Amino acid sequence: MKPQSEYIKFALPKGRFLSSTANLLNEITLNFGGYNSKTRQYRLQSTNFPYLLAKIFQEKDIPIQVAIGNYDLGICGVDWVEELLTRYPTSALIKISNLNYGEGHIYAATSCQTGVSSIDGLLAKRTSWRIISEYPNLAQSFALSLRVKDFNIFPVWGAAEVYPPEDANLAILWAKGKKELEAKGLKLLAKLLPANASLIANRESLENKDLSKILSCFNNVPMNKNRAAVSYSEDTVKSEVVEKFRWQPEKIRLALPDGHQQLPAAEFLKRVGFDIQGYTDGALNRRPSVNLDWLGIKVIRPQDMPLQIANGNFDLAITGNDWLLEHLNRFPSSPAIKLLDLLFGKVKIVAAVNKNMSVANIDDLRLLVRGGKFVPLRVASEYINVADKYLRDNYINPYKLIPTWGASEAFLPEDADLLIDNVQTGRTLAQHKLKIIDVLFESTACLIGNKNALSSPDKEAKAEFFIQTLKKGLL
Amino acid sequence: MENQRCKGMRDFLCRDMACFRHIEDAFRTCCIRWGYQEVRTPTLEYLHLFTATGTLTPSKLNKIYSFLDWDGWSGERVVLRPDGTIPVARLYINNLSEREIAKLFYVTNIFAFEETGRENRERWQCGVEFLGGAQLTADVEIISMVKEIVCKLGLDNIRLQLSHAGLMKALIRELGLSSIEEAKVTDRILDGDWQALLEAKTAKPELNRFLSPLLNLKGKSSDFLQNIRALCPGASADFKSSMEDFINITTLLDRLSCGYEIDIMAIRGFEYYTGVCFQLLVDGKKIGGGGRYDNLIPLMGGNAPACGFALYVDPVMELLPLGNKKGDEARVLIKGEEATPEIAKTCFKLAQSLRERKYVVEIDFSEQTHDGLHWIILISGSEPCRFDVTDCKRQQHWNVASETEVFNMLAEQN
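Residues numbered from 1 in each chain as written. Chains lettered and ligands numbered in written order. Predicted model: local features only at pLDDT ≥ 70, side-chain atom pairs only at ≥ 80, totals over all residues. Heavy atoms only, no water.

Engineer: Provide a residue-level description of the overall build of chain A, including the pertinent values.
Structural biologist: In terms of helices and strands, chain A carries 15 helices and 21 strands. Rg of the C-alpha trace for chain A: 23 Å, near the compact-globule value of 23 Å for 475 residues, within the 12% margin. Taken over the C-alpha atoms alone, chain A extends approximately 75 × 55 × 40 Å along its principal axes. Burial status across chain A gives 54% buried among its 475 residues. A separation of at least 24 residues holds for 73% of the contacts in chain A among residues at least 6 apart in sequence. Just so you have it, chain A exposes about 20,600 Å², and 49% of that area is on carbon and sulfur atoms. (Helix = DSSP H or I, 4+ residues; strand = E, 2+ residues; numbered from the N terminus. Rg over C-alpha atoms; globule rule 2.2 N^0.38 Å. Buried < 20%, exposed > 50% of the residue type's maximum accessible area, 1.4 Å probe, protein only. Contact = heavy atoms within 4.5 Å. Areas by Shrake-Rupley, 256 points an atom, 1.4 Å probe, with all protein chains shown as cover.)

Set out below in structure tokens:
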């Protein structure tokens, strides 16, 4: 048996590149049993190379995991590699090779409705640029390279395409092609980089560890352009119905959640009598329509809502208490406030550790950290500001936060020591052999708004009507 | 756990601070004597301040320490001051723009990310801004000031290199490139990559006649520039007027016997400069630089031509010999034989009286030894205490009975 440190650790992507990466690994004899789109497990072992281990991550996590040395090698889109390197050029991350497959590009796009058709056209407008993006570092670098004189960047967890033109004048986003952008009501202004899959390595591993057998497998990567994850042709893009509604000043602008929260939110809204086409009917239209002319709706990520409310882009939003608190921990004087607890979607935000760790509560953990057991304690969380405050309030020191974008429970025990995450039943934690040592708070869905008054008494009356209607659902 | 210093940050120890203050004092004294007034700007500024003028290159902006403040939900980023001049220009526009001329100076730290972490990411500079000074005498004034300060500090082998940003920009326009190409060449040159100009020039061979001598030779008087001017009769009006300005300034410097060398390619990072710009070197090390920046304040919404310079404290500290910065005050050590209430009271009272008489006085009740003292006064006994006075320089010793006698003794021997 080799010691654990001599094992080679590989970070593999979920999502858009999973199938094509699995095909490639099979072709070059690096097969991992169970690496397919139906997999429920996160930890894999190579069938041909017994000392090669792999873990499946959200693609965005992979460059960070490789850069900090938790993994020797990784495969992910070059867009996420550049997002890290743009901001942290000295990261210990080496791009080894382009894997000759990928999908689409990172684009700069604006709304078709603005009439702007080029970057120069946008520059000529001399307005402050509001840039929305899942890639805030690439967005900043793009704006600086154009010498944009005044810009603000709004990082989002997703759905960047729905913000222009009302809530942003530029989106930096991944798309498969121009037609997909157009189908979403966007106009392509610039291609920033192709979203190709890339093999990356940790610099120290490359300098000090024998990875040669694995690397040489990649010498024979075929130039197979048909390995795209989904057989994709631009012609097959379904045009979404992009409502040409305007955010009129008298309208109440409402944000509804996508993802896990959509179903319970839709049920609740239906119960109180709102019939929203493209939302309460189980479909997902980013701009669903409702038979109330004073209500404009967009569907965005619940994580992004408090920031959007604080900036006045929306008047009301249905999100979780957890995301409101996460926002308020980051921006304590933000005007975003809770207006109404909606009582559904109950989760607990907990601190959890590996089952085998001999701690029962946070006090035990503090003693272990003080005793020098962790240098430092590695804390994985989607809620980095909640986690940061919790650790400070409990005098845990030193610690290092590892931001994650979902599936955080898979980080323990190899890549993190403590998890701050939400749980519904606790079953997932149990499956990953984790135990809860503290409950930070309980969170349910809630309606949030901006504490600064709405722009007119008429709007206030409509918002009040909306709140009163929702209250009926709580009885 | 070891408490480490942040990468790229430095501690100033006692000897470093003495050296720092020595430089700062020489700089402040000179500025005050030339009629300049001191200002200080905050460490945090909005990122917008530095992007708004479009004068800093993307590569410089990418090294800025920027973050969201606790109330930064609007996406407005704040930065640790990356440059000394732009904040002072803001201060001037906000507060002093009614003055026709404002002559300001400051001692400040600036922050820029340096990748290896081996160089300082926080650097100190002593800066001067002459706001509202349009005449070439203002350029000559700041060049004279910086030379005076460097001489006062006792630095030898100073090289003053001159270039002219207006001339460079006119020269780039002479190449006749597309606007995108021109912006690229300009950015590369601003980042110090002069190869861009040499690569681009081949497109217009008629420029070679004067471009090559202008870029490669190092003139030591205004005659050099006169010669170059004679080689380019067909140059643009912008080029000619910049050349005229450069010749006038160098002519005045010649008259003042201020030595310099014209080295167009030596200077980098002249993002916002529009006219003459310069840098100072000692033993090949860049210790300061400056120039004219007439467009910066108008781009920020004000209205004033300006020029200025900064002296870089960190390299100057490395050049100054250590250990010669001790204060020349007479240092006195009052030692209490024991820490009894009476002896302690007598020690503190005597120390206070001596400090009022401008002595530097330390009190000590331990056995430790001290360096660099002129006097040691040992206090012992009770009702009344005895005073044992030692003149360390002359190796003499006296016993005296009262505070008054101590004062007289010290005054007499000084």
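That covers the picture; the talk isn't over yet.
Engineer: How would you summarise the interface of chain A and chain B if you had to cite specific residues and measurements?
Structural biologist: The interface is formed by 27 residues belonging to chain A together with 28 residues belonging to chain B. When chain A packs against chain B, the two sides together hide about 2,200 Å² of surface, and 53% of this comes from carbon and sulfur. Counting the surface chain A buries against chain B, the share from its top three residues, Leu144, Arg147 and Lys149 of chain A, is 30%. Summed over the shared surface of chain A and chain B, the number is 1 salt bridge. Residue Arg147 of chain A is joined to Asp187 of chain B by a salt bridge in which the shortest nitrogen-to-oxygen separation is 2.6 Å. Counting across the chain A and chain B interface gives 9 residue pairs in polar contact (both at pLDDT 80 or more). At the level of secondary structure, the elements contributing two or more residues to the side of chain A that touches chain B comprise helix H5 (136–145), strand E7 (151–155), helix H10 (305–310) and helix H11 (321–330) of chain A. (Buried area = accessible area lost by both parts, 1.4 Å probe. Salt bridge = Lys/Arg side-chain N within 4 Å of Asp/Glu carboxyl O. Polar contact = N/O pair within 3.5 Å; in protein donor to acceptor, adjacent residues only side chain to side chain.)

Engineer: Any chance you could break down the sheet that holds strand E5 (residues 102–111) of chain B for me, citing the residues and the numbers?
Structural biologist: Strands belonging to one sheet form pairs held by backbone hydrogen bonds; the direction of such a pair is parallel or antiparallel. All names here are of chain B. Taken in spatial order, the 8 strands line up as E1-E5-E6-E11-E10-E9-E7-E8 in an open sheet, and their pairing is mixed. Only two strands of the sheet have a single neighbouring strand rather than two, namely strand E1 (37–38) and strand E8 (261–262). Direction of pairing for strand E6 (residues 122–131) relative to strand E11 (residues 306–312): antiparallel, over a ladder of 7 bridges. The partner of Leu131 across the bridge, within E11, is Ala306. In this fold helix H1 (residues 14–33) packs onto E1, E5, E6 and E11, with an angle of close to 160 degrees to the strand it touches most, E5. (Pairing = 2+ DSSP bridges. Axes fitted to C-alpha atoms, helices over the stretch in contact; angles between N-to-C directions.)

Engineer: Please give an account of the domain arrangement of chain A that cites residues and values.
Structural biologist: Under the domain assignment, chain A is made up of domain 1 (4–102 + 195–220), domain 2 (105–194), domain 3 (252–346 + 445–472) and domain 4 (347–443). Relative to domain 4 of chain A, the C-alpha centre of domain 2 of chain A lies at a distance of 36 Å. (Domains from an automatic or database assignment.)

Engineer: Can you break down the packing of aromatic side chains residue by residue, with the values?
Structural biologist: All names here are of chain A. Using the criterion set out here, one finds 21 aromatic pairs over all chains in the structure. The interplanar angle of 85 degrees and the centroid separation of 6.1 Å between the aromatic rings of Phe17 and Tyr101 together place this pair among those described as edge-to-face. Pair noted here: Phe17 is in the loop between strand E1 (8–13) and helix H1 (18–27) and Tyr101 is in strand E5 (residues 93–111), with a separation of 84 residues, a long-range link. Each member of the pair, Phe17 as well as Tyr101, carries the same accessibility label: buried. Note on Phe57 and Tyr71: the rings are 5.2 Å apart at their centroids and 80 degrees apart in plane angle, and the pair reads as edge-to-face. Residue Phe57 is found in strand E3 (residues 52–57), and its partner Tyr71 is found in the loop between helix H2 (62–67) and strand E4 (73–77); the two are separated by 14 residues along the sequence. Residue classification places Phe57 among the buried residues on the basis of a relative accessible area of 2%. (Phe/Tyr/Trp six-rings, centres within 6.5 Å; stacked < 30°, edge-to-face > 60°.)

Engineer: Let's hear about the pattern of salt bridges: which residues, and what values?
Structural biologist: Residues and elements named next belong to chain A. If you walk through the whole model with that rule in mind, you get 40 salt bridges over all chains. Two residues, Arg286 and Glu161, come together in a salt bridge whose shortest N-O distance is 3.7 Å. On the criterion of sequence distance, the pair formed by Arg286 in the loop between strand E11 (276–277) and strand E12 (289–290) and Glu161 in the loop between E7 and strand E8 (170–175) is long-range, its members being 125 residues apart. On the basis of relative accessibility, which here comes to 16%, the residue Arg286 falls in the buried class. Its relative accessible area of 15% is what places Glu161 among the buried residues. Residues Asp258 and Arg301 are paired through a salt bridge, measuring 3.4 Å at the closest nitrogen-oxygen approach. Placement of Asp258 in the loop between strand E10 (252–257) and helix H9 (262–271) and of Arg301 in the loop between strand E13 (295–300) and H10 is noted, with a sequence separation of 43 residues between them.

Engineer: Help me get a handle on the sheet that holds strand E4 (residues 77–80) of chain B, residues and values and all.
Structural biologist: Residues and elements named next belong to chain B. The strand order E2-E4-E3 describes an open sheet built from 3 strands, whose pairing is antiparallel. Edge positions in the sheet fall to strand E2 (44–46) and strand E3 (66–68), since each of these pairs with one other strand and no more. On average, each strand axis in the sheet is inclined to that of its neighbour by 40 degrees, with strand direction left out of account.

Engineer: Requested: an account of the domain arrangement of chain B, with residues and values cited.
Structural biologist: Here chain B is partitioned into domain 1 (14–319) and domain 2 (331–413). The straight-line distance from the C-alpha centre of domain 1 of chain B to that of domain 2 of chain B is 53 Å.

Engineer: Requested: an account of the packing of helix H5 (residues 136–152) of chain B against helix H11 (residues 237–255) of chain B, with residues and values cited.
Structural biologist: Each packed pair of helices is defined by two parameters, the angle between the axes and the distance between the axes. Residue and element names in this part refer to chain B. Relative orientation of the contacting elements H5 and H11 amounts to 50 degrees, with a least axis distance of 10 Å. Here H5 is positioned oblique relative to H11, judged by the angle of their axes. The two elements H5 and H11 cross, and the hand of that crossing is right-handed. In this structure, H5 contributes Leu136, Thr137, Asp139, Val140 and Ile143 to the contact, and H11 contributes Asn248, Ile249, Leu252 and Leu253. Split by residue class, the contact of H5 with H11 holds 6 nonpolar, 2 polar and 1 charged. (Parallel < 35°, antiparallel > 145°, perpendicular 65-115°, else oblique. Left-handed = near helix turned anticlockwise from the far one by under 90°. Nonpolar A, V, L, I, M, F, W, Y, C, P; charged D, E, K, R; others polar.)

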